[in-house]
Protein chains: 2
Amino acid sequence: MRISMIGAGNVATHIARTLASRHEIVQVFSRSLANAEALARATGCPCATDSIAGITADADLYIISVKDDAIASVVEQLPGNDAVWVHTSGSVPMSVFAGLRRSYGVLYPMQSFSKQIDVDFADVPMFVEGCDKATAEQITTLAHDLSRSVFSADSDTRRRLHIAAVFSCNFANHLWALADDVLREANIPFSAMLPLIRSTVEKLSQLSPAESQTGPARRLDYEVIQKHLSMLSGDCHTVYDTLTKSIIKKHHTIS
Amino acid sequence: MRISMIGAGNVATHIARTLASRHEIVQVFSRSLANAEALARATGCPCATDSIAGITADADLYIISVKDDAIASVVEQLPGNDAVWVHTSGSVPMSVFAGLRRSYGVLYPMQSFSKQIDVDFADVPMFVEGCDKATAEQITTLAHDLSRSVFSADSDTRRRLHIAAVFSCNFANHLWALADDVLREANIPFSAMLPLIRSTVEKLSQLSPAESQTGPARRLDYEVIQKHLSMLSGDCHTVYDTLTKSIIKKHHTIS
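This section reports on the structure supplied with the text. (Residues numbered from 1 in each chain as written. Chains lettered and ligands numbered in written order. Predicted model: local features only at pLDDT ≥ 70, side-chain atom pairs only at ≥ 80, totals over all residues. Heavy atoms only, no water.)

Turning our eyes to something else, we now look at the packing of aromatic side chains. All names here are of chain A. Counted by the stated rule, this structure contains 14 aromatic pairs over all chains. Where Y62 meets W85, the ring centres are 4.0 Å apart and the plane angle is 5°; that geometry is what we call stacked. In this pair, Y62 is assigned in strand 4 (residues 61-64) and W85 in strand 5 (residues 84-87), connecting sequence segments 23 residues apart. A single burial state applies to Y62 and to W85, both of which are buried. With 5.2 Å between their ring centres and 20° between their planes, F127 and F151 make a pair best called stacked. (Phe/Tyr/Trp six-rings, centres within 6.5 Å; stacked < 30°, edge-to-face > 60°. Helix = DSSP H or I, 4+ residues; strand = E, 2+ residues; numbered from the N terminus. Buried < 20%, exposed > 50% of the residue type's maximum accessible area, 1.4 Å probe, protein only.)

Structure follows, in structure tokens:
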């Protein structure tokens, strides 16, 4: 397939690099010409542009991978055609295309991407939705070129997946950033925490997260909780307090 | 060494099981006789008791591994002797023994334990403190029987380590429990989230947590944030709101 990449951010970069071996990336658009050129170079694509008017009309597939709140305006600004149009967002409903394209859908890779880190797409669960059966099948075929884990998911399911991913990954990562701040004050490298984090994750293959919960809040150890709170200030204090209350509520409320 | 285990919870169980191959566990005390008996059986120990008066006076080493806020009262209730006394808490200062024992210290395994899950102690960082050089050396030797990662850490450093561990592990795990709740409403098994979580953790070997932060809050995607908040209620809503604000503050405040 001749693919037009609209967007050159983290998700677009990983998708385009993976697809480039089996498909032809004919164009990369980004509001930043430097980003468009970098991704075009990385995928053997001859054309990078920062002009929305310069986006080609003759691709077979358009992959819109821009900031969620820019997707609707990109769809509206570009003329429709008979190609397949997808976006890659976990949060934007497929209906953003309704009435504006004939064949459209969603290709949501449930993963947290950084440009600097190589991700093996083969392990990334891909959630697919199409406006009709034929389009869903085309997008599913493409998804299988990216990953061996392909599921169909409507817009509501996808939104819940995305929320779960924000909790599981973005928020968990922020807790690690706060832990890093706490450790830095004691001159301990964050890497000392990695064995603990890894084994906490590995427990999840055997127990549900609720079953494997441990720590002062789980065992109602108020003396430790108070001592910790007295040593924390600012955001660390607020987050410690909120999560402690939430753990106590989940595990010690009789419902 | 002849070791008396005071406590039969998660940490005590893992320590005693590991030490049993090189040392003699002479007694296990727990307020729950059933727990004391179970750990005694697992370590080839002949004596389990739930009576504090029944704790032997002739061990070489006493390992106090009880709820943090019970440590001081255990130390006070038991008669002192010339053995080495340690507790295993990240939060209780070594001074809990001061004036009450001659040789004492701390042996803190920085790990999150569940009785059901086997942990390879060899990978668990052990943080050691002793009341004097000779005692610190004895405890360090014992720590090396448990792990290849042994560090010395005073009480303040250990407290910060413990706080960082609460953030990194207990709180992160609770986020996974909240994600599990969100997914269950959409009939998606939590296991679908594990590849994402694993790769989020693996990024930390290459980037600091702050550098690898992604997600709607990191990119100030207020439309997604509002949509997510509108779909959440109760604790999920509170936690989403608190962590989103904390991420925005950390990454988008000019200081």
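Read on for the rest.
So, about the relation of the copies chain B and chain A. It takes a turn of 180° to lay chain B on chain A, together with a shift of 0.0 Å along the axis; the resulting RMSD is 0.0 Å. Both chain copies can therefore be described as sitting about a two-fold axis. Among all residues of chain B, the minimum C-alpha distance to the rotation axis is found for A172 of chain B, at 2.5 Å. When the interface residues of chain B are mapped onto chain A, 100% of them again fall at the interface, so both copies present the same face. (Least-squares fit on C-alpha atoms with pLDDT ≥ 70 in both. Contact = heavy atoms within 4.5 Å.)

Core analysis: the largest hydrophobic core is formed by 116 residues, its most contacted members being F167 of chain A together with F167 of chain B. Here F167 of chain A is in contact with A172 of chain A together with L175, L178, A179, L232, C236, V239 and Y240 of chain B, once residues within four sequence places are set aside. Of all hydrophobic cores here, the second largest spans 28 residues; its members include I3, I63, V86 and V128 of chain B. (Core = buried A, V, L, I, M, F, W, Y, C linked by side-chain atoms within 4.5 Å.)

Further remarks concern the sheet that holds strand 6 (residues 103-109) of chain A. Residue and element names in this part refer to chain A. Ordered by their spatial adjacency, 8 strands build an open sheet running 3-2-1-4-5-6-7-8, and the pairing between neighbours is mixed. Both edges of this open sheet fall to strand 3 (48-49) and strand 8 (150-152), since each of them pairs with a single strand only. Inspection of the sheet shows strand 7 (residues 126-130) paired to strand 8 by 3 bridges, in the parallel sense. Across the sheet, the residue bridging to F127 is F151, located in strand 8. Packing of helix 5 (residues 155-185) onto the sheet brings it into contact with strand 5, strand 6 and strand 7, and relative to strand 6 it is tilted by some 25°. (Pairing = 2+ DSSP bridges. Axes fitted to C-alpha atoms, helices over the stretch in contact; angles between N-to-C directions.)

Residues and elements named next belong to chain A. Two elements in contact, helix 1 (residues 10-19) and helix 4 (residues 133-146), have axes separated by 9 Å at closest approach and are oriented at 85°. Regarding the angle of helix 1 to helix 4, the classification is roughly perpendicular. Contact with helix 1, carried on its side by I15, T18 and L19, involves L142, D145 and L146 of helix 4 and no other residues of that element. Looking at the contact of helix 1 with helix 4, its residues break down into 4 nonpolar, 1 polar and 1 charged. (Parallel < 35°, antiparallel > 145°, perpendicular 65-115°, else oblique. Nonpolar A, V, L, I, M, F, W, Y, C, P; charged D, E, K, R; others polar.)

Quick look at the side chain of T135 of chain A now. Residue and element names in this part refer to chain A. By the secondary structure assignment, T135 is in helix 4. Residue T135 is classed as buried on the basis of its relative accessible area, which comes to 2%. Among the polar contacts made by the side chain of T135, one reaches the side chain of D132 at a distance of 2.6 Å. What T135 contacts, discounting residues up to four positions off in sequence, is V84, S103 and Y104. (Polar contact = N/O pair within 3.5 Å; in protein donor to acceptor, adjacent residues only side chain to side chain.)

A word on the interface of chain B and chain A. Taken together, the contacts link 90 residues of chain B with 90 residues of chain A. Roughly 8,600 Å² of surface becomes buried between chain B and chain A when both sides are summed, with 67% attributable to carbon and sulfur atoms. Contact with chain A buries surface across chain B, with R160, F167 and F171 of chain B losing the most and accounting together for 8% of the total. Summed over the shared surface of chain B and chain A, the number is 10 salt bridges. As a salt-bridge pair, K250 of chain B and D181 of chain A come within 2.7 Å of each other at their nearest N and O atoms. Partitioned by chemical class, the residues of the side of chain B that touches chain A number 45 nonpolar, 25 polar and 20 charged. (Buried area = accessible area lost by both parts, 1.4 Å probe. Salt bridge = Lys/Arg side-chain N within 4 Å of Asp/Glu carboxyl O.)

Across its 19 residues, helix 8 (residues 234-252) of chain B extends 27 Å between first and last C-alpha, which sits within 8% of the 27 Å expected from 1.5 Å per residue. Considered for burial, the residues of helix 8 of chain B that qualify are D235, C236, V239, Y240, T242, L243, T244, S246, I247 and I248 of chain B. In this fold, the buried residues of helix 8 of chain B make contact with helix 5 and helix 8 (234-252) of chain A together with helix 5 (155-185) and helix 7 (222-231) of chain B. (Expected span 1.5 Å × (residues − 1).)

All names here are of chain B. As summarised here, the arrangement of the 8 strands in space is 3-2-1-4-5-6-7-8, forming an open sheet in which the pairing is mixed. The open sheet terminates on both sides in strands that have one partner only, identified here as strand 3 (48-49) and strand 8 (150-152). Where strand 1 (residues 2-6) and strand 4 (residues 61-64) come together, 4 bridges link them in parallel fashion. Each bridged residue has a counterpart across the sheet, and for I3 the counterpart in strand 4 is L61. Along the sheet, helix 5 contacts strand 5 (84-87), strand 6 (103-109) and strand 7 (126-130); its crossing angle with strand 6, the most-contacted strand, is approximately 25°.

This paragraph deals with helix 8 of chain A. Residues that lie three or four places apart on an α-helix share one face, since the helix turns once every 3.6 residues. Burial in helix 8 of chain A covers these residues: D235, C236, V239, Y240, T242, L243, T244, S246, I247, I248 and H251 of chain A. Against helix 5 and helix 7 (222-231) of chain A together with helix 5 and helix 8 of chain B lie the buried residues of helix 8 of chain A.

Our focus in this paragraph is unusual backbone geometry. Glycine aside, the phi torsion of most residues is negative, and most peptide linkages are trans. The phi torsion at L220 of chain A lies on the positive side, around 55°, for a residue other than glycine. Tracing the sequence through the fold places L220 of chain A in the loop between helix 6 (194-202) and helix 7. Of the residues examined, L220 of chain A reaches a relative accessible area of 28% and is grouped as partly exposed. The backbone phi angle of N187 of chain B is positive, close to 60°, even though this residue is not glycine. With respect to the helices and strands, the residue N187 of chain B is situated in the loop between helix 5 and helix 6 (194-202).

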